[in-house]
Amino acid sequence: MTDMLLSINGDEYPVVVDTRETLLDTLRERLDLTGAKKGCDHGQCGACTVLVDGRRVKSCLTLTVTLDDREITTVEGLADGDRPHPLQAAFIAHDAFQCGYCTPGQLCSAVGMLAEAAAGWPSVVTEDVCAEPVLDEEEIRERMSGNLCRCGAYVNIVAAIGEVAR
Amino acid sequence: MKPFDYQRAADTRSAVAALSRQPEAMYLGGGTNLVDLMRLGVATPAVLVDVTRATSEAIEESSGGGLLIGAAARNSDLAAHPVVRHRYPMLAQAVLAGASGQIRNMATVGGNLLQRTRCSYFQDIAKPCNKHRPGSGCPAREGDHRNLAIIGHSSSCVATHPSDMAVALAALGASVHVEGVEGTRTVPMPGLHRLPGDEPERDTVLEPGDLITAVELPALPYASRSRYRKVRDRASFAFAVVSVAVALDEADGVVRDCRIALGGVAHVPWRATLAESALRGAPATAEEFTRAADLELAGARPLPDNAFKVPLVRNVLVRVLSELAS
C-alpha cells in the first residue's frame, strides 16, 4: 500500500492505494467520484476516459501510484459551478446520448480532443499531415474512435462536438 | 492481478540497476499494453520499475541531421512534432494509425516497440502458447490465424508484431539506443525484433535489464516523400491486417532509391529488402512495382485463413508506390 496525495478537479485527496489499483478504481471505489465508468476495463471502450494534466487518457489502464504529482480532471470537474461545460450543453441540445453510460467518457475525450486539434495535431485522416487540421465530421469521428457508444448515438455525438468545435 | 512493488527510477542507470538486482522486475512505460497483460495474467512481474521519468521525453534534431526521440516521448507528441510531420510523414501517419487518441497520449515510444503480439492465444493463459508458456504448443496454426503471419514464421509461432510505428521505423532504418548492464549500445531497425524460430518467447534481441533510452532517425531527405497505409477490419482503432510504409526517391520516371517495410505480416516489422533492390534503378511504373512486390512475397508461406494477405499486401504496396511516384 502506498500513501499519496491526488489532485482531482482542483481538490486534494489523501489516499492509501494498492499498487495494483487503477485510477478508475480509485475514483469510483475510494473517492465516490463515479462519473468515470467501467466498460471493458481493457482500454478499448473509452467509458473511463479522464484528463491527466489536460490530456485525455484511459483511467482503467493508468496505475494510481504513477499519478502523485499530476492534475486529474474527471467529468465531475468539467462544469463551472452550476453552468455546464459547453460540451455538456451541446450534448443535451443535440440529444447526444441514450443510456448515458459512455457519456462521461465521451465528454472528457471530446475536451481533450478539441485541445489537441487546437494545438494543430493531425489525425490519420488528415490528408496532409503538415497542414492545420479542420474538424469536419470525418476528423471528429476518427479522433473520437477511442470512445464506443453501444446505443449508437454517434450521429448526435458528432453533431454536438462539431457545434463546439466551430 | 498478482501483487507487485512499484519503484520509480530517477535515471537510466538506477533503472538498469533495479532490473539487474530484481530478476522478476519489468519496466513500466505508458502501461497501455503491460497493465492489460498483468490483468490478463499473461505478465506477472513482482516489481514494476517506472521509467517514464528516467528516460527523456525530448524530441530534438541530432548532430547528424536526423532526429533523436527520447524513449519516454508519448506517441501523440511524436506524431504531432513538426519535424516528424515534414521530414518523416510516414512515421507521423503510422503512429496516428495506431490505437486511439487516449492511448497515444499514454503510450511511450520505447514501450510501443516492446508491446506484445495481440494473437488471441497469447493473451489467454488458459490456452497453450509457446510465447507465454514455452513448449505448450501453438494452436494458432490449426486455429484462429486470420490476422497472423504469412512470412518468416516457424512451427512454434505465427504471431505478428502489432506496432504501426515500428513499421515506419524499420523502413527509415532507425537506430535504437539501449542502456544495459554492460553499458550503452545502439541496435539498428530492422534488427531489434527477431523472428520466432524455436524461441518465440523472445520478441527482441534485448537482454534482461536492457532499457531503450531513445530512438534515432537518420537524415533521409527523400523520406519527406513517404506514406504509411494501413488496412484494417474497421475504419479506426484496430490492429493492421496488413500495412505498408514506403519512402520513394524518384526522378524522371526512375526509382533512385526507396525504403519499404510491411506490417501485419510477420513477427517483426518486415523490411522488404528484395523489393527495394529490385526497384533501385528501375522505371517507376506499376509493372515494376508489381514485379518487386511479387519478388518480396515469393517467400510468403501463408496459412489457410490468411492467404488473402499475400495479394492484399501486394496490391496495397503497388498502390502506395504508384501514388508516391505520380
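What counts and what doesn't
Residues numbered from 1 in each chain as written. Chains lettered and ligands numbered in written order. Predicted model: local features only at pLDDT ≥ 70, side-chain atom pairs only at ≥ 80, totals over all residues. Heavy atoms only, no water. UniProt positions renumbered as here; feature names shortened; annotations may be inferred. Helix = DSSP H or I, 4+ residues; strand = E, 2+ residues; numbered from the N terminus. Rg over C-alpha atoms; globule rule 2.2 N^0.38 Å. Buried < 20%, exposed > 50% of the residue type's maximum accessible area, 1.4 Å probe, protein only. Areas by Shrake-Rupley, 256 points an atom, 1.4 Å probe, with all protein chains shown as cover. Contact = heavy atoms within 4.5 Å. Lys, Arg positive; Asp, Glu negative; His and termini not counted. Charge placed at Lys NZ, Arg CZ, Asp CG, Glu CD. Domains from an automatic or database assignment. Buried area = accessible area lost by both parts, 1.4 Å probe. Salt bridge = Lys/Arg side-chain N within 4 Å of Asp/Glu carboxyl O. Polar contact = N/O pair within 3.5 Å; in protein donor to acceptor, adjacent residues only side chain to side chain. Pairing = 2+ DSSP bridges. Patch = residues over 30% accessible without salt bridge, like charges linked within 9 Å, V, L, I, M, F, W, Y side chains within 5 Å. Axes fitted to C-alpha atoms, helices over the stretch in contact; angles between N-to-C directions. Parallel < 35°, antiparallel > 145°, perpendicular 65-115°, else oblique. Left-handed = near helix turned anticlockwise from the far one by under 90°. Nonpolar A, V, L, I, M, F, W, Y, C, P; charged D, E, K, R; others polar.

- Chain B is annotated in an unreviewed UniProt entry as Xanthine dehydrogenase YagS FAD-binding subunit from Nonomuraea dietziae.

- As annotated in an unreviewed UniProt entry, chain A carries the name Xanthine dehydrogenase YagT iron-sulfur-binding subunit and is attributed to Nonomuraea dietziae.
- The annotation that UniProt attaches to chain A under Pathway (unreviewed entry) is "Alkaloid degradation; nicotine degradation."

### Quick word on the overall build of chain B
Next, step 1: When helices and strands are counted, chain B shows 11 helices and 12 strands.
Next, step 2: In terms of C-alpha radius of gyration, chain B reaches 19 Å, essentially the compact-globule figure of 20 Å for 326 residues.
Next, step 3: Considered along the principal axes of its C-alpha atoms, chain B spans approximately 60 × 50 × 35 Å.
Next, step 4: Within chain B, buried positions represent 59% of all 326 residues.
Next, step 5: When the accessible surface of chain B is split by element, carbon and sulfur atoms take 52% of a total near 12,300 Å².

### Comments concerning the overall build of chain A
Next, step 1: Each helix and strand counted, chain A has 5 helices and 5 strands in total.
Next, step 2: Order of helices (α) and strands (β) in chain A, N terminus to C terminus: β-β-α-β-β-β-α-α-α-α.
Next, step 3: Viewed in the frame of its principal axes, chain A has a C-alpha envelope of about 50 × 35 × 30 Å.
Next, step 4: Taking all 166 residues of chain A together, the buried fraction comes to 53%.
Next, step 5: Sequence-distant contacts, at least 24 apart, represent 54% of the contacts inside chain A between residues at least 6 apart.
Next, step 6: Of the roughly 7,400 Å² of accessible surface on chain A, 49% is carried by carbon and sulfur atoms.
Next, step 7: The positive charge centre, built from 14 side chains, and the negative charge centre, built from 27, are 5 Å apart in chain A.

### Thoughts on the domain arrangement of chain A
Accessible area lost on assembly of the parts is the figure often given for the size of an interface.
Residues and elements named next belong to chain A.
Next, step 1: Domain assignment breaks chain A into domain 1 (2-77) and domain 2 (86-165).
Next, step 2: Here the C-alpha centre of domain 2 lies 22 Å away from the C-alpha centre of domain 1.
Next, step 3: The interface of domain 1 with domain 2 comprises 16 residues on the first partner and 17 residues on the second.
Next, step 4: At the boundary of domain 1 with domain 2, total buried surface from both sides reaches about 1,300 Å², with 56% on carbon and sulfur atoms.
Next, step 5: Of all residues in domain 1, Lys37, Arg56 and Val75 give up the largest surface area on contact with domain 2, accounting jointly for 43% of the area buried on that side.
Next, step 6: Put simply, Glu116 and Arg56 hold a salt bridge, and the shortest N to O gap is 2.8 Å.
Next, step 7: At the surface where domain 1 touches domain 2, the tally comes to 8 residue pairs in polar contact (both at pLDDT 80 or more).

### A closer look at the pairing of strand E11 (residues 254-263) of chain B
Residues and elements named next belong to chain B.
Next, step 1: Most of E11 is tucked away: 7 of the 10 residues are buried.
Next, step 2: As paired elements, strand E10 (residues 242-251) and E11 share 9 bridges and run antiparallel to each other. Residue Val246 lies in a different strand from E11, and its bridge partner there is Ile260.
Next, step 3: The turn joining E10 and E11, which pair antiparallel and follow one another in sequence, is formed by 2 residues; a positive phi near 50° is taken by Asp252.

### Examining the UniProt feature "domain: FAD-binding PCMH-type" (unreviewed entry) in chain B
Next, step 1: Per the UniProt annotation, the sites labelled "domain: FAD-binding PCMH-type" (unreviewed entry) are residues 1-222 of chain B.
Next, step 2: In residues 1-222 of chain B, the share of helix is 25% and the share of strand is 17%. The end C-alpha atoms are 47 Å apart.

### Here's the deal with a negative patch on the surface
Next, step 1: A grouping of Glu127(A), Asp128(A), Asp136(A) and Glu138(A) is seen on the molecular surface, where their side chains present a negatively charged patch.
Next, step 2: Structurally, Glu127(A) can be placed in the loop between helix H3 (103-118) and helix H4 (137-143).

### Looking at the packing of helix H5 (residues 89-96) of chain B against helix H8 (residues 165-172) of chain B
Residue and element names in this part refer to chain B.
Next, step 1: Orientation of H5 relative to H8, taken along the N-to-C sense of each, is 160°, at an axis distance of 7 Å. When the axis of H5 is compared with that of H8, the two are roughly antiparallel. For H5 against H8, the interelement crossing comes out right-handed. Residues Met90, Leu91, Ala94 and Val95 of H5 form the contact with H8, whose own contacting residues are Met165, Ala168, Leu169, Ala171 and Leu172.
Next, step 2: When the residues that make up the contact of H5 with H8 are grouped by side-chain class, the tally is 9 nonpolar, no polar and no charged.

### Quick notes on the side chain of Thr52(B)
All names here are of chain B.
Next, step 1: Assignment of secondary structure puts Thr52 in the loop between strand E3 (47-50) and strand E4 (59-61).
Next, step 2: One polar contact links Thr52 to Asp50, side chain to side chain, over a distance of 2.6 Å.
Next, step 3: Look past the residues within four positions of Thr52 in its chain and what remains in contact with it is Leu28, Gly29, Gly30, Glu57, Ala72, Arg74 and Thr108.

### A word on the pattern of salt bridges
Next, step 1: The final tally for this structure, using the stated rule, is 32 salt bridges over all chains.
Next, step 2: Between Arg30(A) and Glu21(A) there is a salt bridge, with its nearest N and O atoms 2.7 Å apart.
Next, step 3: Given the relative accessible area of 41%, Arg30(A) is considered partly exposed.
Next, step 4: Its salt-bridge partner being Arg194(B), residue Glu199(B) comes within 3.9 Å of it at the nearest N-O pair.
Next, step 5: Here the salt bridges share partners, and the residues they tie into one network are Asp25(A), Lys38(A), Asp41(A) and Arg39(B).

### Considerations on the sheet that holds E11(B)
Residues and elements named next belong to chain B.
Next, step 1: The strand order E9-E10-E11-E12 describes an open sheet built from 4 strands, whose pairing is antiparallel. Two strands lie at the open edges of the sheet, namely strand E9 (226-231) and strand E12 (270-271), each paired on one side alone.
Next, step 2: Bridging between E11 and E12 involves 2 bridges; their strand directions are antiparallel. Within E12, the position partnered with Ala261 by the bridge is Arg271.
Next, step 3: H5 rests against E9 and E10 of the sheet, and its axis sits at about 20° to E9.
Next, step 4: Packing against the sheet, H8 makes contact with E9, E10, E11 and E12, and its axis sits at approximately 150° to E11.

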